[in-house]
Amino acid sequence: MSQNLVRGRVLDQNAQAVFAANVYWKKHPQLGVTSNFQGEFSIALPKSEEPEFLIISFIGFKSKSIPWGEIKDREFIDVRLESACTELQSVTVFGKDPISEKFSVLKMEKLDVYLNPVSSGDPLKAITFLPSSTNTDEMANPAIRGSSPDKSRVLLNGVPVLKPVRNSQINGIGNFSLFNTEIIHKQYVYASNPPLTYGNTSAGMVEIETVRSLDENALQISTSLANVGLFVSQKINDKSLIQVYGNRQFLDFFLDVNRKSMEKLNEFKSVDAGVNLKLQVSKSVSINTFNYMIDEHYDVDSYQFAHRNQSIADNQRLISISNLHVKTRKGLLSTNIGYDITNGKYRFGNLYSKNKNRILYASVNFKHQFSEKLQAQVGIKEAYKHYQFNDSVPKYYYNVSPDAPNFYQKTTLDQHHLETYLFGSYQLSGKWLWSVGVRSNIPVDDQKDYWSMQSSLKYAPDEIHSLLLSAGKYHSFSTPNYYLPDFSLNRSYQLALDYDISLRRSSVHAAIYYKEDHGNLRNTNYMDFNDSRVFGLEFGLQQMIGKYWRVNCSNTFLRQEVKGSNHWYKGNQDMDYFAKASLSYNHPKIVNVNATFMARPGLRYMPILRAEFKQDANAWQPYFDTEINRSRYSDYQNLSVTVNRMFPIGKQSVLLFLSATNILNKKNQESIEYNQDYTFQSSNYYGRRVYYFGFVLRFR
């Protein structure tokens, strides 16, 4: 009473913080407050009398009433809220969650993305700070536990989205994802052994679900150095909604501020728009449709085989994903349909590629709750892919100058990929949960038949500790491009053990894993190989310090090997350490500051040892080192800082943000560039120091 405040924290049944929970005195609701991002609250005591009950409530949970006598002598209280659903309702609500949810390494909600120290508000960039992320390209395309982005899969509402990034280049990497964080309900990350409810993945998997409901209608207007955007969220009724957004990106102001750091960037512009619509047709039937289009262009100076020239690309893309959900008393029938159209052009020197891609995806799935302990899901899916490449290709791979000889080729690829699967989970006891899955293709057009299979065992003795053991065999088809114009079948064997501790103010994650990949794989320096293996150890810690400070740190040990000429060599991502650390200060009334630091060894590569002049090609032909990945680039270090502050103005608010990437202006070596006869070399670097700032206006 001497402090006139009661402090505490609101948690759910899984010990996760509950944001925006209502906390108030029963007889004095005018003194009510809401919990912050960490679930914490401070509520003033009434001046006239001692309160009788403290009430804590939140949508979807049972309200809790705490007598004053139980809390008046305590400095800090923890409040656990229970689900408000009855047993029958819990089956219905659970029906919309993935059957594999409890076997994901991490589950992110919208707030988790925004609070992530390196996300820049982007859902896929948020993954790059996880211990399991081995992304070394400063890009958003997921690369998990030593696997290439082409082997991982990103799914939106049950439909795979290949190359889920903007500014995508011919090598498949990209800057930011196609998904706006405001449309996201939850994002599940499976670092190893992705659930066989989805196919065509032989590495990690990211599963994204769009929002199910809106707390309020809102209009957001954003402006920054390189972007203007509009986002509208509108309730149609209590259970239906629509979200519409659009952005226009430009380069002028951004280059004016960062010209010294962006010398190779000549031009970049894009226009995109999206619509997310959810309709609750009846109590048991709902429809969701997401449609997105983007038109982008970029022009950047780049290097290939002793030639520096402009890389110019144009890309137009339309993605449409529709879902129908029908609830039964103990089950859920879902139909997912996706359509992806891409038209792209790329030019560098005498290389010119024009591609048209069409992907049609359809699946039918049924999930059934047999009992409180047993549930299963069965389904079938068909993916039809049509790729068309019209290419001007260098006659001599090492001579890519604009006037060098070339030849034209046209490639058309079609594939029907038909699969069926069965996945189930069983609660062995209150502490043990077991899952098993099988998936098989139905061969079409002389395809080879295959079986994928997996099993996972989770042990959770209490709400603090959990142990997950998973193993499996997986298959996936590579994504065709102009230099690998084929649907190559790859297979992977994976074994992983993940351990997590979740306390009130801290969490710990540790994992050990091993996996093998077999198929048509690609290393750096345009070298192909058929076999790779990875052994990894990862550790992560998150700790709250006081009310406003948060520390994250992690480290990954990765032993990667590739097989060439019947010998095993170091992979380009073979690393003794991959350290990540962040220090965050989040005070809603003062400022939010995040400082992040990443450090790792340079990637391995094959240097060019000598060159020989070829008369017929009128160019020097390079000869690489015979030992794969013998050399290594210089060590990588990056310190970045982001600052933002939200100012409430009545029911409206304005958010100001500023970021400085690579604030120490470290020269992080990305590649080696040679002169015409390969007698002299220089370095290309990752991004130097870059400033970015802007603001967001939000109207409720």
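Scroll up a little and you will see the structure.
Figured I'd write up the structure that's included with this text. (Residues numbered from 1 in each chain as written. Predicted model: local features only at pLDDT ≥ 70, side-chain atom pairs only at ≥ 80, totals over all residues. Heavy atoms only, no water.)

**Some points on the overall build of the protein**
For the protein, the count of helices and strands is five helices and 41 strands. Its C-alpha atoms give the protein a radius of gyration of 27 Å, near enough to 27 Å, the size a compact globule of 700 residues would have. Its C-alpha atoms give the protein principal-axis dimensions of about 95 × 55 × 45 Å. Burial statistics for the protein: of 700 residues in total, 49% are counted as buried. Within the protein, counting contacts between residues at least 6 apart in sequence, those at least 24 apart form 59% of the total. For the protein, the accessible area works out to roughly 32300 Å², and carbon and sulfur atoms hold 56% of it. (Helix = DSSP H or I, 4+ residues; strand = E, 2+ residues; numbered from the N terminus. Rg over C-alpha atoms; globule rule 2.2 N^0.38 Å. Buried < 20%, exposed > 50% of the residue type's maximum accessible area, 1.4 Å probe, protein only. Contact = heavy atoms within 4.5 Å. Areas by Shrake-Rupley, 256 points an atom, 1.4 Å probe, with all protein chains shown as cover.)

**Some thoughts on the sheet that holds strand β5 (residues 53-57)**
Reading across from one edge, β3-β2-β5-β6 is the order of the four strands in this open sheet, with antiparallel pairing throughout. Unpaired on one side and paired on the other, β3 (33-34) and β6 (64-67) mark the two borders of the sheet. Sheet topology places strand β2 (residues 22-25) next to β5; four bridges connect them, and they run antiparallel. Residue pairing for β5: Trp25 is matched across the bridge by Leu54. (Pairing = 2+ DSSP bridges.)

**Quick word on the pattern of salt bridges**
All told, the structure shown has 20 salt bridges when counted by the stated rule. Here Glu52 ties to Lys27 by a salt bridge, and the two come within 2.7 Å at their closest N and O atoms. Taken together, the positions of Glu52 in the loop between β4 (40-44) and β5 and Lys27 in the loop between β2 and β3 put the pair 25 residues apart, joining distant regions of the chain. A salt bridge links Asp574 to Arg604; the nearest nitrogen and oxygen atoms lie 3.9 Å apart. Taken together, the positions of Asp574 in the loop between β30 (567-570) and β31 (579-586) and Arg604 in strand β33 (residues 604-605) put the pair 30 residues apart, joining distant regions of the chain. A single burial state applies to Asp574 and to Arg604, both of which are buried. Salt bridges linked by common partners bring Arg559, Asp574, Asp576 and Arg604 together as one network. (Salt bridge = Lys/Arg side-chain N within 4 Å of Asp/Glu carboxyl O.)

**Concerning the pairing of strand β14 (residues 227-237)**
Sheet topology places strand β13 (residues 218-224) next to β14; seven bridges connect them, and they run antiparallel. Bridging across to β14, Leu219 finds its partner in Val232. The antiparallel hairpin formed by β13 and β14 contains two residues in its connecting segment. As judged from the 10 bridges shared by β14 and strand β15 (residues 240-249), these two strands associate in the antiparallel manner. Its bridge partner lying in β15, Val228 is registered against Arg248.

**Let's talk about the nonpolar core**
Membership of the largest hydrophobic core comes to 30 residues, with the highest contact counts inside it found for Leu124, Leu156, Val161, Phe179, Val206 and Ile208. With 19 residues, the next largest nonpolar core counts Tyr303, Tyr396, Ala619 and Ile672 among its residues. (Core = buried A, V, L, I, M, F, W, Y, C linked by side-chain atoms within 4.5 Å.)

**Observations concerning the sheet that holds strand β12 (residues 205-210)**
Adjacent strands of a sheet pair through backbone hydrogen bonds, lying either parallel or antiparallel. With respect to topology, five strands assemble into an open sheet ordered β8-β11-β12-β9-β10, the strand pairing being mixed. Looking at which strands have only one partner, the edges of the open sheet turn out to be β8 (106-109) and β10 (159-160). Of the strand pairs in this sheet, β8 and strand β11 (residues 184-190) are connected by four bridges, and their pairing is antiparallel. Bridging across to β11, Glu109 finds its partner in Lys186.

**Section: the side chain of Ser401**
Within the element layout of this structure, Ser401 appears in the loop between β21 (374-394) and β22 (406-427). Among the polar contacts listed, one links the side chain of Ser401 to the side chain of Asp403, at a separation of 3.0 Å. Setting aside its immediate chain neighbours within four residues, Ser401 contacts His307, Gly349 and Asn350. (Polar contact = N/O pair within 3.5 Å; in protein donor to acceptor, adjacent residues only side chain to side chain.)

**Structural notes on the packing of aromatic side chains**
Throughout the structure, instances matching the rule amount to 20 aromatic pairs. Taken together, a centroid distance of 6.2 Å and an interplanar angle of 20° make the contact between Tyr387 and Phe389 stacked. No difference in accessibility class separates Tyr387 from Phe389, as the two residues are buried. Considering the side-chain rings of Tyr548 and Tyr585, the 6.0 Å spacing of their centres and the 65° angle between planes classify their relative orientation as edge-to-face. You can see Tyr548 sitting in the loop between β28 (528-545) and β29 (549-564) and its partner Tyr585 sitting in strand β31, a full 37 residues away along the chain. Put simply, the rings of Phe231, Tyr245, Phe290 and Tyr292 touch in pairs and so form one group of aromatic residues. If you follow Arg610 out to its NZ or CZ, it ends over the ring of Tyr623, 4.1 Å from the centre. (Phe/Tyr/Trp six-rings, centres within 6.5 Å; stacked < 30°, edge-to-face > 60°. Lys NZ or Arg CZ within 6 Å of the ring centre and 35° of its normal.)

**Digging into unusual backbone geometry**
What is expected of a backbone is that most residues other than glycine have negative phi and most peptide bonds are trans. Within the chain, Ala306 stands out as a residue other than glycine whose phi angle is a positive 65°. Its location among the elements puts Ala306 in the loop between β17 (285-304) and β18 (307-327). Despite not being glycine, Asn629 shows a phi value in the positive range, around 55°. Counting through the fold element by element, Asn629 comes out in the loop between β35 (619-624) and β36 (631-632).

**Points about the pairing of strand β16 (residues 265-280)**
Bridging between β15 and β16 involves nine bridges; their strand directions are antiparallel. Paired with Tyr245 across the strands is Gly274, a residue of β16. Taken together, the 15 bridges between β16 and β17 define a ladder with antiparallel strand orientation. The partner of Lys278 across the bridge, within β17, is Asn288. Linking two consecutive strands that pair antiparallel, namely β16 and β17, is a turn of four residues.

**Here's the deal with the environment of Gln427**
Following the sequence through the fold, Gln427 ends up in strand β22. C-alpha separation for the pair Gln427 and Lys458, spaced 31 residues apart in sequence, amounts to 9.5 Å. Apart from the residues within four sequence positions on either side, Gln427 is in contact with Lys373, Trp432 and Leu433. A distance of 2.7 Å separates the side chain of Gln427 from the backbone oxygen of Ser429, its partner in a polar contact. A polar side-chain atom of Gln427 sits 3.2 Å from the main-chain carbonyl oxygen of Trp432.

**Structural notes on a positive patch on the surface**
Taken together, the side chains of Lys345, Lys354, Lys356 and Lys410 make up a positively charged region of the molecular surface. Here Lys354 shows up in strand β20 (residues 351-369). In this structure Lys354 comes out as partly exposed when scored by relative accessible area, which is 33%. (Patch = residues over 30% accessible without salt bridge, like charges linked within 9 Å, V, L, I, M, F, W, Y side chains within 5 Å. Lys, Arg positive; Asp, Glu negative; His and termini not counted. Charge placed at Lys NZ, Arg CZ, Asp CG, Glu CD.)

**Quick look at a nonpolar patch on the surface**
On the surface, Leu333, Val364, Phe366, Val378, Ile380, Leu422, Val438, Ile442, Trp451 and Met453 cluster together into a nonpolar patch covering about 810 Å² of accessible area. For the nonpolar patch, the secondary structure elements donating two or more residues are β20, β21 and β24 (451-459).

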